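Topology and contacts: notes
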Amino acid sequence: MMKKLSIPTSKTSLVLFLCQIISALDVPLDLSQPPTITQQSPKDYIVDPRENIVIQCEAKGKPPPSFSWTRNGTHFDIDKDAQVTMKPNSGTLVINIMNGGKAEAYEGVYQCTARNERGAAISNNIVIRPSRSPLWTKEKLEPNHVREGDSLVLHCRPPVGLPPPIIFWMDNAFQRLPQSERVSQGLNGDLYFSNVQPEDTREDYICYARFNHTQTIQQKQPISVKVFSMDSLNDTIAANLSDTDIYGAKPVTERQPVLLTPTGSTSTKVELRGNVLLLECIAAGLPTPVIRWIKEGGELPANRTFFENFKKTLKIIDVSEADSGNYKCTARNTLGSVHHVISVTVKAAPYWITAPRNLVLSPGEDGTLICRANGNPKPSISWLANGVPIAIAPEDPSRKVDGDTIIFSHVQERSSSVYQCNASNEYGYLLANAFVNVLAEPPRILTPANKLYQVIADSPALLDCAYFGSPKPEIEWFKGVKGSILRGNEYVFHDNGTLEIPVAQKNSAGTYTCVARNELGKIQNEVHLEIKDPTMIIKQPEYKVIQRYGQASFECIIKHDSTLLPTVTWLKDNDELPDDERFLVGKDNLTIMNVTDKDDGTYTCIVNTTLDSVSASAVLTVVARPNPPFDLELTGQLERSIELSWIPGDENNSPITNFVIEYEDALHEPGVWHYQTEVPGTQTTVQLKLSPYVNYSFRVIAVNKIGRSQPSEPSEQYLTKSASPDENPANVQGIGSEPDNLVITWEPLKGFQSNGPGLQYKVSWRQKDVDDEWTSVIVANVSKYIVSGTPTFVPYEVKVQALNDLGYAPEPSEVIGHSGEDLPMVAPGNVQVHVINSTLAKVHWDPVPLKTVRGHLQGYKIYYWKVQSLSRRSRRHVEKKILTFRGNKTFGMLPGLEPYSSYKLNVRVVNGKGEGPASPDKVFKTPEGVPSSPSFLKITNPTLDSLTLEWGSPTHPNGVLTSYTLKFQPINNTHELGPLVEIRIPANESSLILKNLNYSTRYKFYFNAQTSVGSGSQITEEAVTIMDEVQPLYPRIRNVSTAAAETYANISWEYEGPDHANFYVEYGVAGSKEDWKKEIVNGSRSFFVLKGLTPGTAYKVRVGAEGLSGFRSAEDVFETGPAMASRQVDIATQGWFIGLMCAVALLILILLIVCFIRRNKGGKYPVKEKEDAHADPEIQPMKEDDGTFGEYSDAEDHKPLKKGSRTPSDRTVKKEDSDDSLVDYGEGVNGQFNEDGSFIGQYSGKKEKEPAEGNESSEAPSPVNAMNSFV
């Protein structure tokens, strides 16, 4: 079974993966090998004195090693100490403290030795020290009395602990004391005040020391601080101070900086390589000094430099020798500066350059152990063999020591041993074990067989081949079963046997074989590589700008390898999404409902699979209307101006474009705010113009692209002084409402326009062009004044002036008005009509004298109406029409007249009061026009070579008809048209028989009427001549007729063809190009009522059947009646009409029953006699046993005649549902019968696929024809 391994794609993960493979290349534990220390306690081991001490020492080897310990350089016999035990199969010591032992008794330096027959390995020197958390020493703390502005240091002086405690200052309520640039804690734990302030007075400054190892906190006694100043010195303070202190005190004065720590101008600092360097400068001074750090002759190291404690502490992490140098801190305030230079020297405990590594050799091979280290000062190197200095160790002729290197030549199995390298200087030491193991082993591959690796395309692939052998085997890689050895730049071969494919492609997938060989043998192993498609985000989230309380949606649509299972995680600002039900995470999107300001941020979609990870981010910006401005302030108050300033509110991520300033007049309109002005969004002050006698309050509204903010809080009120009005009323007018008055109106001034109390209006008028004096009146609280007793419609000069208690407004301008109008006195004269064409006439008249108008001339009205149609000589309802012509016109056009009609008209003048008298009626006639289409066209009586045409005269002849024109042409089966034939027909004809036509041929007919003016619109119809004298079967709709009213029309028709046809009615305005309107007929009725029609409008109509392609009737034209004064009632909805129809239906049913009874009594129809005369022996029309038709089908698809009160003119009869039907009798013999004078019909019994009619024949039909007739 294959074991699957997913190789990560990131570079960091790849390096770690490769390091894991390399570190795993150890000697298999089933082979003999010297001991190797695998786990040990730290060199400086601080233990909790209350718990058992565990000193770790673990090792491996073959055979398993034994363990021994030394303490302080001598053998530690654990068997003699009952408190000390060693774990089984381990070198780890457990010292039992919890059962009576004392940790202090076991302080010392411990070292572990692991030994077997091939050598001995030793641990580091492990220094055991129990932690200590001593109490504070008792001390008497005096209160600190400090003058305001002086510096102060509160000393902590914590007890010496192991390890050193963590120091912090709190009060009695266990709240941390606030720190700032002025008050801060130093590295030594003291609390420094650069200058004290009165608020520093308190009695609970407490220093705490926390000892982490023992998890205890020690508390110093509270320290009291009292701050005094000369201004607030009182008798109580004076009683606690000496006279010298009092008289020596000075007022608070500013002081230049002085360093509190470190002291002096220079100091030194030594730090070890790799540690954290902390430098501190704390200064006193007033104002509080600011600290600045520099490195003399260099720059502070980027990315490793940090400032803490309000820049009083310089922190450099992971220091190296390059960080040595002079660091200068400068404390500065407004009065001066002080600086201190700290000379930093970075020393280094030993650190490895090349640590010795285990050496596996075969007998006779050569090798070296290298031990190289560095430090400051440079460390010394010493070698040990199996824990003994190499100088006194047993001799080995294959070994030679050369400083930091041991050289081995022609080793033998006895050369196996463990060597220790010790590198030490004054700051520490390094100790490393490395064995030399002499083995003769054939190759073995440690990587499991058939291991499966999966990587993403275009990523590195690492195929493991961990091996062991002695001598060291050579590794070769092959691809496929019979592949050649892998070489070239596309592969990287690592020393540990790993094969690296830097850029794996799809074609890199497959089976790879690793072969390991040395002089003792050969072995191979197969691994498998699969290449997966990378995970991609094909639709990334996009930047969104959403209004507050809106909805934001981010998409994250991914594409991934079908064999990998992705997981999608959304983050906000690189953290988990808030636990909020407004955040909806879908399959490929994130939706945030009702977004708020806190939803601003960066949203990241992370897609993870077992092999790769991709992410995409987008920013959400939440915008909203701005917050209202605040802190409105009025300055620079003058009589007519003031300056307003404000502070803008938060713009909510959408810049403020402008500010709107509004005002309230609390004196005249309290609570009503008016627009004053607006300024750009960058401006926060504005100079406002003011009016007198207004109690102003202002507010400001901020505007951005989202909308307007809430108004700000109102400003303080400002009342301006009174003054006389600056302006007069606007929109002054003088218009009479009656023939003998003049109404003067104006727009009153608003409250703030009055400029003072006592607002009134002086209204003045005089007749124009007459030497009259002004007549004036003073009014208040009104906007209208009526002057009575004026002449009718004469011009007046009018003016209105404002005044108040302080005076008049400037002199107003004059306007011209007129007294009231009266109706015109005379009618227009010399009315003439010029008929332009059959539908258009031009009317002329003489204008009336302006004096007789007695008002403002608005125009003339023409009243005209149709008297009668000259072609029909029938009068109809008179409907007068009106056309208005504005201004002083003397002519007008009358469009839309009906041709060949008689009209009357009159003309009237119009002013503001109304219409004057009408002119005498003028009679005129319109000439002839072209007629409308014929009212119907019916085609009946089809024969082999003839058709009968019937038509109705046009609904609107529009003149004297002179003739009709008939055009027709044949249509073949592919609907192609044949040659066109034209026939002229006298106007007095209403039917025509067309002869010499082709049999069984469809014809299309075009029919129109003519007057002397020309031809009218045409009506079309189609018909088919029959093949022979047989009953026609083709379906058709004929005899479409209409009965129109004002707003509806009853449409009826006759249908020939199969039963159960679904009819529809199509209609539209005649002559219009608009689409036909369609109404569906319920059931199989042969009538329909069209409703909702427009009165006085010509309509076209046709009837069709659903499911029969191209099957519809000819068009018919009708006209609705004119609109009546009262709405006509729909007769079809009246109760009396419904009752009458029910009575008629009942009567018809009774008559049918009577006829049925008479027939059963033996009565014979003439058709029956013909049946008996032409009996056919092969077709028995009746069964003898039940009296029904023998061979007739019950199917309803061949019922050729629609029910009706008369036989259609094409001589077809519909087969009824009863077995006594008279349909299909005979063989082409025409017959008639008369039953009580109520029915006369012709019958033809032979059916074909096409309707036909031919000569009579006595020949009996064949069985085949008989079947065709009835199926």
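Here we come to the nonpolar core. Grouped together as the largest cluster of nonpolar side chains are 29 residues, with contacts concentrated most on Ile 53, Ile 55, Trp 69, Ile 95, Tyr 110 and Ile 128. In terms of residue count, the dominant contributor to this core is strand 10 (residues 108-116) (three residues). Leu 644, Val 679, Val 694 and Ala 702 belong to the second largest nonpolar core, which has 20 residues in total.

On to unusual backbone geometry, then. Here Lys 62 and Pro 63 are connected by a cis peptide whose omega angle stands at 0°. Take Pro 63: it is sitting in the loop between strand 5 (57-62) and strand 6 (66-71). Put simply, Thr 261 and Pro 262 share a cis peptide bond, and its omega is -5°. Within the secondary structure layout, Pro 262 lies in the loop between strand 21 (255-261) and strand 22 (266-272). Residue Asn 781 is not a glycine yet carries a positive backbone phi of 60°.

Moving on: the sheet that holds strand 58 (residues 630-635). The antiparallel open sheet is built from three strands, whose spatial order is 58-59-62. Pairing within the sheet leaves two strands with one partner each, and these edge strands are strand 58 and strand 62 (685-689). Along the sheet, successive strands turn relative to each other by an average axial angle of 25°, direction set aside. Looking at chain direction, strand 58 and strand 59 (residues 641-647) are connected through four bridges and run antiparallel. Counterpart to Leu 634 in the pairing with strand 59 is Leu 644.

A word on the state of the cysteines. The final tally for this structure, using the stated rule, is six disulfides. Note that Cys 156 is cross-linked by a disulfide to Cys 207, the S-S spacing being 1.9 Å. Residues Cys 156 and Cys 207 are joined by a disulfide whose S-S torsion is about -70°; by sign, that bridge is left-handed. Pair noted here: Cys 156 is in the loop between strand 14 (152-154) and strand 15 (166-170) and Cys 207 is in strand 18 (residues 202-211), with a separation of 51 residues, a long-range link. Here Cys 281 pairs with Cys 329 through a disulfide, and the sulfurs are 1.8 Å apart. Disulfide Cys 281-Cys 329: torsion about the S-S bond near -65°, hence left-handed. Of this pair, Cys 281 sits in the loop between strand 23 (277-280) and strand 24 (282-286) while Cys 329 is found in strand 28 (residues 325-333), placing the two residues 48 residues apart along the sequence. There is no split in this pair, since Cys 281 and Cys 329 are both buried. The connectivity of the disulfides in the protein chain is 1-2, 3-4, 5-6, 7-8, 9-10, 11-12, where the numbers refer to bonded cysteines in sequence order.

For the rest of this paragraph, the subject is the side chain of Lys 312. Looking at where Lys 312 falls in the secondary structure, it is placed in the loop between strand 26 (305-308) and strand 27 (313-316). Buried within the structure, Lys 312 lacks any salt-bridge partner; Glu 181 is the closest side chain of opposite charge, at an N-O distance of 7.7 Å. Apart from the residues within four sequence positions on either side, Lys 312 is in contact with Ser 180, Glu 181, Arg 182, Val 183, Ser 184, Ser 194, Leu 279, Glu 280, Cys 281, Ile 282, Ile 291 and Trp 293.

Next up on the list: the environment of Ser 901. Within the secondary structure, Ser 901 is located in strand 78 (residues 901-911). Taking the C-alpha atoms as reference points, Ser 901 and Ser 871, separated by 30 residues in sequence, lie 7.7 Å from one another. Setting aside chain neighbours within four positions, we find Ser 901 in contact with Lys 866, Gln 868, Ser 869, Leu 870, Phe 924, Lys 925 and Thr 926. A polar contact of 3.4 Å, which involves the side chain of Ser 901, links it to the backbone oxygen of Glu 898.

Rules used throughout
- Residues numbered from 1 in each chain as written.
- Predicted model: local features only at pLDDT ≥ 70, side-chain atom pairs only at ≥ 80, totals over all residues.
- Heavy atoms only, no water.
- Core = buried A, V, L, I, M, F, W, Y, C linked by side-chain atoms within 4.5 Å.
- Buried < 20%, exposed > 50% of the residue type's maximum accessible area, 1.4 Å probe, protein only.
- Helix = DSSP H or I, 4+ residues; strand = E, 2+ residues; numbered from the N terminus.
- Pairing = 2+ DSSP bridges.
- Axes fitted to C-alpha atoms, helices over the stretch in contact; angles between N-to-C directions.
- Disulfide = S-S within 2.5 Å.
- Lys, Arg positive; Asp, Glu negative; His and termini not counted.
- Salt bridge = Lys/Arg side-chain N within 4 Å of Asp/Glu carboxyl O.
- Contact = heavy atoms within 4.5 Å.
- Polar contact = N/O pair within 3.5 Å; in protein donor to acceptor, adjacent residues only side chain to side chain.

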